[in-house]
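# An overview of the molecular structure
These are the residues of each chain, in order.
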Amino acid sequence: MWANKFPRRTFLKATAATAAAVGVGDVFSIGEWMKQANAAPVTKIPSLCETCSAACGMWVHVKNGRIWKVTGQKDHSQSKGRICARGHAGIAMAYHKDRITHPMKRIADNHFVPITWEQAYGEIAAKLKTVLKEHGPEKVFFSHNPRPTNKFYWPRLMAAVGSSTIQSHHSMCSTGRDVAYKWTTGGMATADIGKTKYIVFLGRNYVEGLSPSTAANMEAAHARGVTMIVVDPRHSNACLFASQWVPIRPGTDLALLLAIANVLLAENLYDKEFVDEWCVGFDEFRQGMKQYTPEWASTMTDIPAETIYAIARGLGNNRPASCIEQGYKAPNGCNYANGTQMFRMVACVNALLGNYGKDGGMKFSNPPKAGSLDAKKYPAPPKPKAARCDGAGIKGEFPLCQTSQGIVHLMPQRALEGKAKAGFLYRINVARNAPGPELLTKGYKALDLLVVCDVKWSETALCAHYILPECCPAEREDLPAVVSSTVTMRTAAIGLVHSECKPLSQIVTEFAGYIGAAKYFNFTQDDVANAIIKPLGVKLDELRVKGTIKVKAPAPKPLSFKTKSKKVELYCKAFADHGFAPVPQWEPPYSKAGKDTFVLIHGKQGFMSHTVTASDPYLLAIARRDGLERLWINADRAQKMGIKDGDLVEVASPQAKGRVRVKVTERVHPEAAYLPAGYGRLVPFLKTGVGFGISPNDFTPSRAEAISGHAMMMEVLVTVRKVGE
C-alpha cells in the first residue's frame, strides 16, 4: 500500500543511491529502504481548500513529497481549526484519475487529442482574432467561480481584447439575494449570530452548508440558549441545533415574510425611530403589507397562522438583537420565480426590526483594504466599452442585474441566438450545475470558440474546442486575499504530479503574448501578491510560512447604506422605473404541487456539495455505502402511493426521466421531493461518479428570472412512481 504512494522521482533517487551503494560493496535492503522512507519528516505547508467556495484555510502535511493529510488553520475565519469531510477527501485531487494531464483539442464529440501548449495557444489566438474581427468583443465572454488569482488575471485578459462580459457562478447560486440587497440596503449585511437572541433561518443549512465555522457558530448559539427557527421544506441537519423546525410549502417564503411584516406593523413591534431615520417609502410599504395577514399566509405557506404570529412576535420582542438570517442560495438565491422580491422582504423585515449595525442584528463588514499594482509601472488595459452579451445591466433585458456577476447560465442560449461567439470558462461546470443540460451542451457547442481551463474533466469541458490543464490547488501558489480581518494565501505544497499542467497565472500570461497583449502582463505573480499585501503590513515570505495572518481591522464605520437614497429602500424607485413592484408583494412561484406531483427541491449533504465532490472516490464510497443518493418523499404520501423505503422509483418531468431509490421520511414537506445535489455525472469516460444517482438539473428547464436573471433551479414539478423494489 505504501509502495503505491511512493513518488517516481523519490523511487529513482533511491534506486540510484542503492545502485551506488551496491557498487561500493554495500548490500541493498528493501526493509531498510522502507524504514527510512517511513521515518521521513512530515512538513506542514499552508494552503486553502478548493473543494467548495468557502476556501477554508488548511495545513497540507507532506511526507516523501506526497500529501499525507490535512488539518485546519486555527486563525482562518472559515475553518477555525477544522476541515470538513469534503476538504479531507478533496485534497487527493492531486492524484485523481480524472485529471486533465495535457492541453487537449476536440476533434469529434467526446473525442480529444493531446496537443502542445504552443499549438493550443496559437490556434486559440487565431480563432479568437477571427471572432473579434467578424463579430467584435461584445460577443466574447468569460465565466468563472471567482477566486483571488483568476479574479485578477482573467478580467485583465478580457479587458485586453475589449470584452465586458465577465460572469461568476452566482446566477446558479445567490444572484437573487445579491441583487435584492444591492437595491434595498446597498449591500449585504450578515447576521450577528454570536450575539443574537432570536434568529430565523430560511432554508439556510449552517451545518451541512459550506464551512466548519458556520456549524460551530450554530452550535455555540444553541449552547447559549438562542431561539433559532429553521424554516425549510426539509428537516436538514441544521434542525438538530434549532429550537423549532417549521416545514413550509416550497417557494412560499415570500408569503411568510409579508405576514411577519404585517404583524410587526399591526402590533407596533417595529423600530419606529430607526424607520424614521433610515428608511424611505414607509407609508407605501405599510399600506402594502395590510393585506398579508398570517391567516392569508397560512393558506400560501401551509404554516399555521399561530406559528407565523409567534415568529413575528419573537422577532419583534427581541429587537434589535433579532434577525432574519441573510440567506444564500437557499431558499431563493436562484431557486424560484419570486426570489429577488423574497430577499427584498428579508432586508425590509430586518429594517423594521431596526437591527442594522446593532449587536445581535445585521452587520456590514468593514475589511482591511488590499492594495493593487502600480498602474504607471504596470499599465492595465483600458476599461472595455463593448456591450455585454448576457443582458446584465442592460435596459430592456436585465437592467437591475449586477454586472459584477452577470448571468452565466444564459450564455448557451445566447450562443444559439448568435449573440455570443467565443467563451473562456475557468473552473466552472455550468453544463452540469445548471438546469437544462441538453440545451446547455447544445449551446456551448454552437460557439465558434470555447476554451475551458480546469483540473479535472467535466461536462462543460466536453463541449470545449480546447482544454487547458491547470495544476491542482496543492501544486500551485495563488494570490493573497483579505478574509475578515486576516490575509490568507495558498502556497504550493507538492511538485507537479503531471508535468504538462501549469498554474493559471502562467497560462494567461503566456497566452497574452499570442494575442498581442503581453504589455499588460509585464509583471510576475509575486509582483501582484506584494502589491496586494503592501498596505496590510505583511511580508510575502511570512505569509508563505504562516498561511493566514491577522491584520489590523479598520475602525468601525458609522451606519450607512450604499443605495441611491443612502437609506433602506422599502419602496425602491429603481424597481418602479423598470416595471417591477417597488414594494414587495405576493408573487406565487411557478410550481405548485398537485395531487400527483411534487416540487423537486435539492440541497447539500454534510460531505457532498457539487459535481466536484460527486466525483471524489472517498466521498462517493460513503454515499454508496449508506445509499445517500436517494430521493426523499413524505411518509404519508408514500403510503398512499404504495411506495416503501428503498423502493426503486421513476422521477419524471416534461424534460427528463430518471430512476433512483427512495427514502421515505417524515422529514420533508408532503408537497416536496428532495434530491441531494451533485450526483448524476454524465462524462462517459470519468473513472468515478458516472452512473450513481440522478441530478435535479435534468428535470428542470433552463430559464432566467425576470429581475436578477437567476436560474430558478427549483421551479419544476415531477411525478414519482414505483418501478421496482
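Residues numbered from 1 in each chain as written. Predicted model: local features only at pLDDT ≥ 70, side-chain atom pairs only at ≥ 80, totals over all residues. Heavy atoms only, no water.

## Topic: the sheet that holds strand S2 (residues 57-63)
Counted only if it meets this: Only strands joined by at least two bridges in the DSSP assignment are considered to pair. Helix and strand labels come from DSSP, where a helix needs a run of H or I of at least four residues and a strand needs a run of E of at least two; each type is numbered from the N terminus. Here an axis means a line fitted to C-alpha atoms, over the contact stretch when the element is a helix, while the angle between two N-to-C directions is reported on a 0 to 180 degree scale.
The strand order S1-S2-S3 describes an open sheet built from 3 strands, whose pairing is antiparallel. Each edge of the open sheet carries a strand with a single partner, namely strand S1 (42-48) and strand S3 (66-72). Ignoring which end each strand starts from, the neighbouring axes of this sheet average 30° apart. Note: S2 against S3, 6 bridges, orientation antiparallel. Residue pairing for S3: His 61 is matched across the bridge by Lys 69.

## Remarks on the sheet that holds strand S19 (residues 486-488)
Across a sheet, paired strands are connected by hydrogen bonds in the backbone, their directions being either parallel or antiparallel. A sheet is described by the order of its strands in space; here 3 strands give the open sequence S18-S19-S20, paired in antiparallel fashion. Bordering the open sheet on either side are strand S18 (481-483) and strand S20 (548-550), each of which pairs with just one other strand. Direction aside, the axes of adjacent strands within the sheet are offset by 30° on average. By the bridge criterion, 3 bridges tie S19 to S20 in an arrangement that is antiparallel. Looking across to S20, one finds that Thr 486 is bridged to Lys 550.

## A look at the pairing of strand S26 (residues 672-676)
The criterion, for reference: Relative accessible area decides the class of each residue, using a 1.4 Å probe on protein chains only: under 20% of the type maximum gives buried, over 50% gives exposed, and in between gives partly exposed.
Here S26 lies mainly inside the structure; 5 of its 5 residues are buried. What you see with S26 is no split at all: Ala 672, Tyr 674 and Pro 676 on one side and Ala 673 and Leu 675 on the other are buried throughout. Note: strand S22 (residues 598-603) against S26, 5 bridges, orientation parallel. In the strand pairing of S26, Val 599 is matched with Ala 672.

## Describing the packing of aromatic side chains
The condition that has to hold: Two rings from Phe, Tyr or Trp (for Trp, the six-membered ring) form a pair when their centres are within 6.5 Å of each other. A pair whose planes differ by under 30 degrees is stacked, one over 60 is edge-to-face, and the rest are tilted. Two conditions define a charge sitting above a ring: the NZ of Lys or the CZ of Arg must be within 6 Å of the ring centre, and it must be within 35 degrees of the ring normal.
Scanning the entire structure with this criterion turns up 28 aromatic pairs. Each ring, one from Tyr 153 and one from Phe 523, has its centre 6.3 Å from the other, and the planes form 50°; the classification is tilted. Note that Tyr 153 is positioned in helix H5 (residues 148-161) and Phe 523 in the loop between helix H17 (504-514) and helix H18 (525-533), a separation of 370 residues in sequence. By the ring-pair criterion, three or more aromatic residues cluster together here, those being Trp 117, Tyr 121, Phe 142, Trp 154, Phe 424, Phe 511 and Tyr 514. The cationic tip of Arg 66 hangs over the ring face of Tyr 95; the distance from NZ or CZ to the ring centre is 3.9 Å. Above the plane of the ring of Phe 575 lies Arg 344, whose end atom (NZ or CZ) is 5.1 Å from the centre.

## Side note on helix H4 (residues 117-135)
As a reminder of what qualifies: Working rule for helices: expected span equals 1.5 Å times residues minus one. Relevant arc is that of directions from the helix axis to the C-beta atoms, nothing else.
Taking 1.5 Å as the rise per residue, H4 with 19 residues should run 27 Å; its terminal C-alpha atoms sit 26 Å apart, in good agreement. Inspection of H4 places Trp 117, Ala 120, Tyr 121, Ile 124, Ala 125, Leu 128 and Val 131 among the buried residues, and these make up the whole buried set. In an axial view of H4, the angular spread of the buried residues amounts to 130°, which keeps them on one side of the axis. Across H4 from its buried face, at more than 90 degrees, point the exposed residues Glu 118, Lys 133 and Glu 134.

## Details of the packing of helix H6 (residues 175-184) against helix H13 (residues 339-352)
To keep it simple, the criterion reads: Any angle that falls under 35 degrees is termed roughly parallel, while one over 145 is termed roughly antiparallel, one within 65 to 115 roughly perpendicular, and all others oblique. Note: crossing handedness is left-handed where the near helix turns anticlockwise from the far helix by less than a right angle, and right-handed where it turns clockwise. Residue contacts are counted whenever heavy atoms from the two residues lie within 4.5 Å of one another.
One can describe the packing of H6 onto H13 by two numbers: an axis separation of 8 Å at closest approach and a directional angle of 50°. Classed by the angle they form, the pair H6 and H13 counts as oblique. The two elements H6 and H13 cross, and the hand of that crossing is right-handed. Contact residues: H6 offers Gly 176, Arg 177, Val 179, Ala 180, Tyr 181 and Thr 184, while H13 offers Thr 340, Phe 343, Arg 344, Val 346, Ala 347 and Cys 348.

## Brief notes about the UniProt feature "domain: 4Fe-4S Mo/W bis-MGD-type" (unreviewed entry) in the protein chain
Condition: UniProt positions are given in the numbering used here, feature names are shortened, and annotations may be inferred rather than shown by experiment.
Taking the numbering used here, the UniProt-annotated feature "domain: 4Fe-4S Mo/W bis-MGD-type" (unreviewed entry) corresponds to residues 42-98. The distance separating the terminal C-alpha atoms of residues 42-98 is 27 Å; by composition the span is 11% helix and 37% strand.

## Considering unusual backbone geometry
Phi is mostly negative for residues that are not glycine, and the peptide bonds are mostly trans. Note that the residue after Arg 319, namely Pro 320, is joined by a cis bond; omega there is 0°. With respect to the element layout, Pro 320 can be found in the loop between helix H12 (305-317) and strand S13 (322-324). A positive phi angle, near 70°, is found at Asp 302, a position not held by glycine. Secondary-structure assignment places Asp 302 in the loop between helix H11 (294-301) and H12.

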